[in-house]
Amino acid sequence: MKDTNFTIKVSDFLTGSALEDNIQLFDKFSTSLPQLHDWISCDVCIKNWDEKTVFLEISNISYSLDNTCDVCSAKYIQHWDVSDIFLKCYANYNKELLREDELSFDGKHGKIDLEDTLTQEITLTQELKKMCSICGDKKQIKTDQTLEWNSIKRIIQQ
Ligand SMILES: [Zn+2]
């Protein structure tokens, strides 16, 4: 069965009975990334700030996607490293006042849903042009040759 629950419980942090904790999200599936091949796992470090705020540090984000190469149409599995995410999370905060690295959550239940944060970050990390490793290598060689040719031209022009 697909585990689509990206929720972490932070109520103990709001009451001050927990100060720091490390949890792991393991093999989570999201319908907003239907091309997920290996589902999403990550480590989350939760830190207490005050009765309305917690800090989250999300690291070791792992996943892979089923992609189709834009150049040769080959199917391949893509993985790009996603950099660590730092989030300041406020209970019942006005969403319009939030900045990029801030999140509002339901303070009554003390739960933070990380699905949107993670899927958006993965989507942003994906390349605009999808290329398998063979086509990617060819493009790299071409780019190298162009660079070399440009420097030869420059020498001739001098
Ligand atoms: Zn290709």
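Because the structure is predicted, anything quoted here is derived from the model rather than measured.

Reading the values: the criteria
Residues numbered from 1 in each chain as written. Predicted model: local features only at pLDDT ≥ 70, side-chain atom pairs only at ≥ 80, totals over all residues. Core = buried A, V, L, I, M, F, W, Y, C linked by C-beta atoms within 7 Å. Buried ≥ 20, exposed ≤ 12 C-beta atoms within 10 Å, placed from the backbone. Helix = DSSP H or I, 4+ residues; strand = E, 2+ residues; numbered from the N terminus. Contact = placed C-beta atoms within 7 Å. pLDDT = per-residue confidence, 0-100.

### Some points on the nonpolar core
Among the nonpolar cores identified, the biggest contains 21 residues, and Val-44 and Ile-46 are the most heavily contacted of them. Listing elements by their share of this core, those giving two or more residues are strand E3 (36–50), strand E4 (53–68), strand E6 (85–91) and helix H2 (115–125). In this view, Val-44 contacts Ile-8, Ile-23, Leu-25, Leu-56 and Ile-58; residues no more than four positions away in its chain are not counted.

### Topic: the confidence of the model for the chain
A residue-level look at the chain finds 97% of positions with pLDDT of 70 or above and a mean pLDDT of 90. Ranking the elements of the chain by mean pLDDT puts helix H3 (residues 133–157) last, at 77, and strand E2 (residues 20–28) first, at 97.

### Some remarks on the environment of His-37
Its location among the elements puts His-37 in strand E3. Exposure remark for His-37: the 13 C-beta atoms within 10 Å place this residue in the partly exposed category. It is 38 Å that separates the C-alpha atoms of His-37 and Asp-50, two residues lying 13 residues apart in sequence. If we ignore the near neighbours within four places in the chain, the residues touching His-37 are Ser-64, Leu-65, Asp-66 and Ile-77.

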